[in-house]
Amino acid sequence: MLNPTANKEVAIRLSGLTKTYGQGANAVHALRGVDMTIHRGEVVGLVGPSGSGKSTLLKCLGAVIEPSGGHIELGGERIFDEPAGGWQIDDLRALRRDRIGFIFQAPYLIPFLDVTDNVALLPMLAGKPNEKARQRARELIEALDVGHRVGVRVSMLSGGEQQRVAIARSLVNHPPVILADEPTAPLDSTRALAVMRILNDMAQRYGAAIIVVTHDEKIIPTFKRIYHIRDGRTEEEAGEGREITS
Ligand SMILES: Nc1ncnc2c1ncn2[C@@H]1O[C@H](COP(=O)(O)OP(=O)(O)OP(=O)(O)O)[C@@H](O)[C@H]1O
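Residues numbered from 1 in each chain as written. Predicted model: local features only at pLDDT ≥ 70, side-chain atom pairs only at ≥ 80, totals over all residues. Heavy atoms only, no water.

Draft legend 1. Fine view of the site of the ligand. In the neighbourhood of the ligand, the contacting residues comprise Tyr 21, Val 28, Ala 30, Pro 49, Ser 50, Gly 51, Ser 52, Gly 53, Lys 54, Ser 55, Thr 56 and His 215. The contact in question runs from an oxygen atom of the ligand to an N or O atom on the backbone of Ser 52, over 3.1 Å. Gly 53 is positioned with one of its backbone polar atoms (N or O) 3.0 Å from an oxygen atom of the ligand. Taken by itself the ligand offers 640 Å² of open surface, and the protein chains cover 57% of this. (Near = heavy atom within 4 Å. Polar contact = N/O pair within 3.5 Å; in protein donor to acceptor, adjacent residues only side chain to side chain. Areas by Shrake-Rupley, 256 points an atom, 1.4 Å probe, with all protein chains shown as cover.)

Right, here's the structure in full:
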């Protein structure tokens, strides 16, 4: 079978990733050797039952916790290498800020800031000139169809608009990888599919690799590739890749 992703640039590659919480008789083997390759421009689903290791995997990918074994490559660079001593990067905060975007179930915006400053805040805090950060924020806000709301405080926006602002924020530093944890859980079918359409458009437009952890049956048919996780092991499966028309 032809591999449709064969010539694409790898955004993130995991090999033999393990994570054990605790020790000895109390050890919990949350990840037991995960292999995964995700290319730039792809939106991939990560699905599995409760306790199967989804959050642990996202936390390892997001450098929030340290894996126990294996490797992580980000954009061709080996950022985690257990045999070589663990993280190969000194500044994990900068890694999280500049190279990984996060989208959560709730938008977690700052209610008293306007749309532009919510999106521009991270690069401004990192020392980027405010006007440059705001310009990039406004481009993304336009791309996400909330351009008419730029100067409005986010507390005045609808839930769907707030989620789009959160997506813009995740893209502001041009991260090659975006981790989305149940981004559609609270949304009805139409809004959930709209978020998936936006994530697919953004992956294409900005070349991000987006990993979506989900239980949401409404969006599962939209993925072209899905990783199923069970007892800390992943299995890859072709998805339906259904076109989102709404
Ligand atoms: N900090 C921790 N200390 C000890 N065990 C943990 C810790 N965090 C998770 N676990 C265990 O690791 C396993 C995987 O948990 P994880 O939270 O990654 O699963 P999940 O698939 O995200 O579950 P859910 O869908 O319910 O959020 C479970 O057995 C869980 O009890």
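Draft legend 2. Spotlight on the sheet that holds strand β1 (residues 10-21). One open sheet holds the five strands; their spatial order is β2-β1-β4-β5-β6, and the pairing between them is antiparallel. Since the sheet does not close on itself, it has two edges, and those belong to β2 (28-39) and β6 (86-87), each with one partner. Inspection of the sheet shows β1 paired to β2 by nine bridges, in the antiparallel sense. Opposite Tyr 21, over in β2, you have Val 28 as the bridge partner. The strands touched by helix α1 (residues 54-61) are β1, β2, β4 (69-74) and β6; relative to β1, the strand with the most contacts, the crossing angle is about 120°. (Pairing = 2+ DSSP bridges. Helix = DSSP H or I, 4+ residues; strand = E, 2+ residues; numbered from the N terminus. Contact = heavy atoms within 4.5 Å. Axes fitted to C-alpha atoms, helices over the stretch in contact; angles between N-to-C directions.)

Draft legend 3. The layout of surface pockets, seen in detail. Put simply, the second largest pocket is a space of about 290 Å³. In terms of lining, the second largest pocket is formed by 17 residues, of which the most central are Phe 102, Phe 104, Leu 122, Arg 169 and Ser 170. Where the lining of the second largest pocket is concerned, the elements lending two or more residues are α2 (92-99), β7 (100-103), α3 (115-125) and α5 (159-171). Sorting elements by how many residues they give to the lining of the second largest pocket places α3 first, with four residues. When grouped by side-chain class, the residues that make up the lining of the second largest pocket number 10 nonpolar, four polar and three charged. (1 Å grid on protein atoms, 1.4 Å probe; cavity = no way out; pocket = protein on both sides within 12 Å on 5 of 7 lines; lining within 4 Å. Points joined across faces, edges and corners; volume = space filled by probe spheres on them. Nonpolar A, V, L, I, M, F, W, Y, C, P; charged D, E, K, R; others polar.)

Draft legend 4. Representation of the pairing of β1 within the structure. Between β1 and β2, which pair antiparallel and follow one another directly, the connecting turn spans six residues, one of which, Gly 22, has a positive phi of 70°. Pairing of β1 with β4 involves five bridges; the strand directions are antiparallel. For Ile 12, the partnering residue across the bridge sits in β4 and is Leu 74.

Draft legend 5. Expanded view of the packing of aromatic side chains. Taken as a whole and judged by the stated rule, the model has three aromatic pairs. Between Phe 102 and Phe 104, the ring centres sit 6.2 Å apart and the planes meet at 5°, which makes this aromatic pair stacked. Ring centres 5.7 Å apart and planes at 75° place the aromatic pair Phe 104 and Tyr 108 in the edge-to-face group. Taking the relative accessible area as the measure of exposure, Tyr 108 reaches 59% and is therefore exposed. One aromatic cluster is present, built from ring pairs that chain together Phe 102, Phe 104 and Tyr 108. Of note, Arg 136 hangs over the ring of Tyr 206, and the distance from its end group to the ring centre comes to 5.2 Å. (Phe/Tyr/Trp six-rings, centres within 6.5 Å; stacked < 30°, edge-to-face > 60°. Buried < 20%, exposed > 50% of the residue type's maximum accessible area, 1.4 Å probe, protein only. Lys NZ or Arg CZ within 6 Å of the ring centre and 35° of its normal.)

Draft legend 6. Broad picture of the packing of α3 against α5. Running from amino to carboxyl end, α3 crosses α5 at an angle of 30°, the nearest separation of the two axes being 8 Å. By the angle class used here, α3 and α5 are roughly parallel. Considering the relative orientation of α3 and α5, their crossing is right-handed. Facing Val 115, Asn 118 and Val 119 of α3, the residues of α5 in contact are Val 165, Ala 168 and Arg 169. Class assignment of the residues belonging to the contact of α3 with α5 gives a composition of four nonpolar, one polar and one charged. (Parallel < 35°, antiparallel > 145°, perpendicular 65-115°, else oblique. Left-handed = near helix turned anticlockwise from the far one by under 90°.)

Draft legend 7. Examining the pattern of salt bridges more closely. Summed over the entire model, instances satisfying the criterion amount to 14 salt bridges. A salt bridge links Arg 149 to Glu 161, with the shortest nitrogen-to-oxygen separation between them at 3.4 Å. Residue Arg 149 is located in the loop between α4 (130-143) and α5, and its partner Glu 161 is located in helix α5; the two are separated by 12 residues in the primary sequence. On the basis of relative accessible area, Glu 161 is assigned to the buried category, the value being 12%. (Salt bridge = Lys/Arg side-chain N within 4 Å of Asp/Glu carboxyl O.)

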